[in-house]
Amino acid sequence: METQLADGQTISREVTAAEQDRTVIEAPRLLSGQVIDETFFQRALDALSGTVDGMELGQITTPDNNFVITGPDAYFYLVDPTYYGAYHLLSMKDSYLHRLDMFRENMERPWGNYLTKEEICYWERLEEQTQQPFIYEPTDAPNRLFDVLGTMGIFIPVLVALCVCDLFSQERRARTYPQIFTSRQGRKCLFLAKILAGGVTSILAAAMAMGAVIGSSLIRYGTWGW
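Below, the structure is looked at part by part. (Residues numbered from 1 in each chain as written. Predicted model: local features only at pLDDT ≥ 70, side-chain atom pairs only at ≥ 80, totals over all residues. Heavy atoms only, no water.)

Attention now goes to the packing of aromatic side chains. Considering all chains together, one arrives at 6 aromatic pairs under this definition. Note on Phe40 and Tyr136: the rings are 5.5 Å apart at their centroids and 40° apart in plane angle, and the pair reads as tilted. Of this pair, Phe40 sits in helix H2 (residues 38-48) while Tyr136 sits in the loop between helix H7 (117-129) and helix H8 (140-164), and the two are 96 residues apart along the sequence. Residue Tyr136 is classed as buried on the basis of its relative accessible area, which comes to 9%. Their ring planes at 50° and their centres at 6.4 Å tell us that Tyr77 and Tyr84 sit as a pair that is tilted. Given a relative accessible area of 9%, Tyr84 falls into the buried group. Through a chain of ring-to-ring contacts, the aromatic side chains of Tyr75, Phe76, Tyr77, Tyr84 and Tyr87 assemble into a single cluster. (Phe/Tyr/Trp six-rings, centres within 6.5 Å; stacked < 30°, edge-to-face > 60°. Helix = DSSP H or I, 4+ residues; strand = E, 2+ residues; numbered from the N terminus. Buried < 20%, exposed > 50% of the residue type's maximum accessible area, 1.4 Å probe, protein only.)

Structure below.
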């Protein structure tokens, strides 16, 4: 990565994936508790004003065909990561600072008004009751954890199927049906036990998988953001 400061100084070095990952996690925490207002966003712009690239994203190719990242990301990684979180919210600045005005403006447009007058008043009352301005708190840990847990919903049925797929087929393979049918308890008791065992095993397997995801999230992010 490479960044050129306004005073002509050029800072360039290789930033490992571990360093980038640590910056992404830890940098937003430096702004924890800050009020999100005009000053909040202006500080990010002021930080970048000290660089030649400013807000311009980009990368350059060296003679040996290596890519060098420049722009705001390079500045935050190489110089000062403090306003990394504010910079990534700059694209939402106008919609955040003027959200009520934009809401009302949209309601005045015939093609944009899909709410009744009662619904419009309801949302306006909620906006007035909301504490403003907001306070910045990074919530990467719970957000990413919930994303992963939501994705796991696709795989848990497969995990359950793996736990119970062999419950009733093994008797056919072992040819033990005659013994089961002639036993004192009969097949109903055995099948009920199998269903209960399969259900408990499936629940434990799903709990272990979710526990592993939650544990890895706590190791990576800690309890920050909850």
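Moving on, there is more to tell.
With that settled, the discussion passes to the nonpolar core. In this structure, Met1, Ile36, Phe40, Phe41, Tyr75, Phe76 and Tyr87 are the most contacted members of the largest nonpolar core, which totals 22 residues. Of all the secondary-structure elements, those providing two or more residues to this core are H2, helix H3 (72-78) and helix H4 (84-87). (Core = buried A, V, L, I, M, F, W, Y, C linked by side-chain atoms within 4.5 Å.)

A grouping of Phe146, Met210, Ile214, Leu218 and Trp226 is seen on the molecular surface, where their side chains present a nonpolar patch of about 500 Å² in accessible area. The element that contributes the greatest number of residues to the nonpolar patch is helix H11 (residues 186-221), accounting for 3 residues. Structurally, Phe146 can be placed in helix H8. The partly exposed category is assigned to Phe146, whose relative accessible area is 48%. (Patch = residues over 30% accessible without salt bridge, like charges linked within 9 Å, V, L, I, M, F, W, Y side chains within 5 Å. Areas by Shrake-Rupley, 256 points an atom, 1.4 Å probe, with all protein chains shown as cover. Salt bridge = Lys/Arg side-chain N within 4 Å of Asp/Glu carboxyl O.)

A few words now on the pattern of salt bridges. The full count for this structure, using the stated rule, is 3 salt bridges. One salt bridge connects Arg13 with Glu19, and the closest N-O pair in it is separated by 3.3 Å. The partly exposed category is assigned to Arg13, whose relative accessible area is 37%. Glu38 serves as the salt-bridge partner of Lys93, at 3.6 Å between the closest nitrogen and oxygen. Here Glu38 lies in helix H2 and Lys93 lies in helix H5 (residues 93-97), a separation of 55 residues in the sequence.

Bringing the side chain of Lys93 into the picture now. Residue Lys93 is classed as buried on the basis of its relative accessible area of 18%. Dropping the residues within four chain positions of it, Lys93 is found in contact with Glu38 and Phe41. (Contact = heavy atoms within 4.5 Å.)

Among the secondary structure elements, Ala141 is positioned in helix H8. Taking the C-alpha atoms as reference points, Ala141 and Ile214, separated by 73 residues in sequence, lie 10.0 Å from one another. Every residue in contact with Ala141, bar those within four places of it in the chain, is listed here: Ser217, Tyr221, Trp224 and Trp226.

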